[in-house]
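# Chain and residue survey
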Amino acid sequence: MAETRRLPGIHHVTAITADAQKNVDFYVGVLGLRLVKRTVNFDDPSSYHLYYGDALGRPGTIMTFFAWPGAPRGRVGPPQVVATSFAVPPAALGYWTERLKQHGVDVQAAPPRFGDAVIGFADPDGMRLEIVGTDSASASASPGGGDNDNALRGFHGVTLSEEGYENSARLLTELMGFRADGSEGNRFRYRAGGDAASGGGFASVVDLLCQPDGRHGTLGAGIVHHVAFRTPDDAQQQAWRGEIVRRGFNVSPVMDRTYFHSIYFREPGGVLFEIATDPPGFTADESPEALGQKLMLPRAVEAHRAALEKLLPPLRVPGN
């Protein structure tokens, strides 16, 4: 892989919710993330697109949702992202087990995974989430920018359910620069970066879960729509696009999402991948202090603000 192209890890994960208010209550009120942007789906401005993350919405901390009111529950199965994992220092897992239980969330302790302790639970739409206790999280800042030792530190990684893993693994390693990092049963781990020093930490893990007999999943509430990987700038994104096309994949044109620029393609198993630029970031149209407080619209639909503000339900943000 050319040295001019880098994918340091996960940029964001985008999923679907059937209830925007319950979504805000959970991700802000329970998980302690910050609502860093309330905007609309650029392809369907009649619905919200909500972004959560750390204090500034740094790449690697961003969980986003298309809010489709009343959407039926999707079915989990290949080819999908079937679990999204957040990272905390190992000592924080006890705190999170108790906090989630206090909020009525069913918590399951999973067997240790690649040496790390894991707890699993679901959000209000039934989407599978995990918190992984890992030493690499200790060096990362907390979402609020404070000194909360228990706060989520952004993503640990994602788990993809696939009918077969070999072709997806080849894409990750031969094209995207990930390295194989071991296996446990039918779970195969890959890390962003070319070596242990550069790929051992923040938002870097993709696990491929080989499930050849799994019933195919369907899109709906509680299902991840796509996972995005970060690249530092527009020039590198263009280089990635050219290389992906050269390898025989269909790739979208570059799309301006205001807070980053995006290209999309499907990996061999069928999961939708995005490559998103780190800049401009979520302060492109709001100050750091004001992030997430009001509806921000792309220029193309700003003229319809009055109508959209009547159509979209008001949102209450816990703590505001």
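Everything here concerns the structure above.
In this report, the structure presented in the accompanying data block is examined.

Cut-off values and rules
Residues numbered from 1 in each chain as written. Predicted model: local features only at pLDDT ≥ 70, side-chain atom pairs only at ≥ 80, totals over all residues. Heavy atoms only, no water. Buried < 20%, exposed > 50% of the residue type's maximum accessible area, 1.4 Å probe, protein only. Helix = DSSP H or I, 4+ residues; strand = E, 2+ residues; numbered from the N terminus. Arc of directions from axis to C-beta. Contact = heavy atoms within 4.5 Å. Phe/Tyr/Trp six-rings, centres within 6.5 Å; stacked < 30°, edge-to-face > 60°. Salt bridge = Lys/Arg side-chain N within 4 Å of Asp/Glu carboxyl O. Pairing = 2+ DSSP bridges. Polar contact = N/O pair within 3.5 Å; in protein donor to acceptor, adjacent residues only side chain to side chain. Axes fitted to C-alpha atoms, helices over the stretch in contact; angles between N-to-C directions.

## Quick notes on helix α2 (residues 93-102)
- Looking at α2, one finds that the buried residues are L93, W96, T97 and L100. Take α2 and look down its axis: the buried residues cluster within an arc of 105°, on one side only.
- Turning to α2, the residues buried within the fold contact α1 (20-30), β5 (80-88), β7 (116-122) and β8 (128-133).

## Concerning the packing of aromatic side chains
- Summed over the entire model, instances satisfying the criterion amount to 17 aromatic pairs.
- Taking 5.4 Å as the distance between ring centres and 25° as the angle between the ring planes, the aromatic pair formed by F86 and F155 counts as stacked. Linking F86 in strand β5 with F155 in strand β9 (residues 155-162), this pair joins segments that are 69 residues apart in sequence. Of the two residues, F86 and F155, both sit in the buried class.
- Ring geometry for F265 against F273: centres 5.9 Å apart, planes inclined by 80°, an arrangement best described as edge-to-face.
- F273 gets classed as buried once you look at its relative accessible area, which sits at 2%.
- Each member of the aromatic cluster is reached from another via a ring pair, and the members are F26, Y27, Y52, F65 and F121.

## Digging into the pattern of salt bridges
- All told, the structure shown has 15 salt bridges when counted by the stated rule.
- Ionic pairing is found between D285 and K37, a salt bridge with its closest N-O pair at 2.7 Å. Separated by 248 residues along the polypeptide, D285 in the loop between β16 (272-277) and α6 (305-311) and K37 in strand β2 (residues 34-41) bring together distant segments of the chain.
- With relative accessibility at 0%, the residue K37 sits in the buried group.
- Among the salt bridges present, the one from E130 reaches R128, with a minimum N-O distance of 4.0 Å.
- Look at the salt bridges and you will find they share partners, linking K37, D285 and E286 into a network.

## What about unusual backbone geometry?
- Cis peptide bonds are those with omega within 30 degrees of zero, and the linkage from P78 to P79 qualifies with -5°.
- Secondary-structure assignment places P79 in the loop between β4 (62-67) and β5.
- With an omega dihedral of 5°, the bond running from P279 to P280 counts as a cis peptide bond.
- Mapped onto the fold, P280 is located in the loop between β16 and α6.
- One non-glycine residue, F114, adopts positive backbone phi at about 50°.
- Examined against the element boundaries, F114 turns out to sit in the loop between β6 (108-113) and β7.

## Things to note about the pairing of β9
- Counting buried positions along β9 gives eight out of eight residues, so the element sits mostly inside the fold.
- Bridge count for β5 against β9 is six bridges, and the pairing is antiparallel. Bridge pairing in β9 links A83 to T159.
- As judged from the six bridges shared by β9 and strand β12 (residues 205-210), these two strands associate in the parallel manner. Following the sheet pairing, T159 is matched in β12 by D207.

## Considerations on the side chain of S262
- With respect to the element layout, S262 can be found in strand β15 (residues 261-266).
- Residue S262 is classed as buried on the basis of its relative accessible area of 0%.
- Looking at S262, its side chain comes within polar contact range of the side chain of E274, at 2.5 Å.
- Not counting chain neighbours up to four residues away, the residues in contact with S262 comprise Q237, S252, P253, V254, M255, R257, E274, I275 and A276.

## As for the sheet that holds β16
- Ordered in space as β2-β3-β4-β1-β13-β16-β15-β14, the eight strands form an open sheet in which the pairing is mixed. The open sheet terminates on both sides in strands that have one partner only, identified here as β2 and β14 (255-256).
- In terms of strand pairing, strand β1 (residues 10-17) meets β4 through six bridges, oriented parallel. Note that in β4 the partner of V13 across the bridge is M63.
- Packing of α1 onto the sheet brings it into contact with β1, β2, β3 (44-53) and β4, and relative to β3 it is tilted by some 10°.
- Contacts between helix α5 (residues 234-246) and the sheet are confined to β13 (224-231), β15 and β16, with β15 contributing the most and set at about 20° to the helix.

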